[in-house]
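So you can see what is in the structure, the chains are spelled out below.
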Amino acid sequence: MKRGSSPPVAAAPAPAEGRKPPRRAEVRAVLGFLARFAGGWISILMLLAFVPAIEHWAVRNTISSLLFITRLFRLGSSTGGASVTIGGVSIEIVPDCTPLMPTAALWIAIAAFPAPWRWRLAGLAAGAFVLWLYNLARILALIPVLEHRPQLFDFIHVYLWQTVTLLVVFALFLLWLRLQQPRAARA
């Protein structure tokens, strides 16, 4: 090295083969989606805080749906207030036992993502239907746990099913994204 010259500067590492760093527009789009999602989530929480009738509606309809399913399959069931008894096992349905919040999360994600409104509406309807059915199956699956292993109920109800519910919401959103791509882009 000559006197007075600066030491050589190491070159920045090249991006991984075939992978380009995100462009400013892509980063802005992701941040915009996250901001719209956060704003939507806060709005839903405020709406539910100020309009408790929505949660009451969800509880009533969850109970009605459970009674319909159990009667369809000729399982002995009855209701008393917010409790449902199925096969001699009683379970209380509270707002967290409804598909209200998972559906809200999915709807906010779909609404926050740039897509044609027709496709968004289809995703909202299909997602709500699938999450309603999933929630009924989740509650019905807890009945045998309460009957045969009540000591496991809290763990399965709080940790297992809530985690699985988040994964189902995420999977439905990813499925909606995948199905909306033009066929040529998938090939």
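Residues numbered from 1 in each chain as written. Predicted model: local features only at pLDDT ≥ 70, side-chain atom pairs only at ≥ 80, totals over all residues. Heavy atoms only, no water.

Participant: Tell me about the sheet that holds strand β1 (residues 77-80), and name the residues and values.
Facilitator: Across the sheet, three strands lie side by side as β1-β2-β3; this open sheet has antiparallel pairing. With one partner strand each, in any of the chains shown, β1 and β3 (89-92) form the two edges of the open sheet. Shown here is a sheet whose adjacent strand axes are inclined to one another by a mean of 20°, direction ignored. In this structure, β1 lies alongside strand β2 (residues 83-86), joined through four bridges in antiparallel fashion. Residue pairing in the sheet places S78 in a bridge with T85 of β2. (Pairing = 2+ DSSP bridges. Helix = DSSP H or I, 4+ residues; strand = E, 2+ residues; numbered from the N terminus. Axes fitted to C-alpha atoms, helices over the stretch in contact; angles between N-to-C directions.)

Participant: Let's hear about the packing of aromatic side chains: which residues, and what values?
Facilitator: The geometry of an aromatic ring pair comes down to the distance between the two centres and the angle between the two planes. Applying the stated criterion to the full structure yields ten aromatic pairs. An angle of 75° between the planes, with centres 6.2 Å apart, marks the rings of F33 and F113 as edge-to-face. With F33 in helix α1 (residues 24-50) and F113 in the loop between α3 (100-112) and α4 (117-148), this pair connects stretches of sequence that are 80 residues apart. Seen in terms of ring centroids, F113 and W176 are 5.9 Å apart; in terms of plane orientation they differ by 85°. Their pairing is edge-to-face. Placement of the pair is F113 in the loop between α3 and α4 and W176 in helix α5 (residues 153-180), with a sequence separation of 63 residues. By relative accessible area, W176 is classed as buried at 5%. Ring-pair connections join several aromatic residues into one group, and the members of that group are F33, F37, W41, F113, F173 and W176. Looking at R120, its charged tip hangs above the ring of W117, at a distance of 4.1 Å from the centre. (Phe/Tyr/Trp six-rings, centres within 6.5 Å; stacked < 30°, edge-to-face > 60°. Buried < 20%, exposed > 50% of the residue type's maximum accessible area, 1.4 Å probe, protein only. Lys NZ or Arg CZ within 6 Å of the ring centre and 35° of its normal.)

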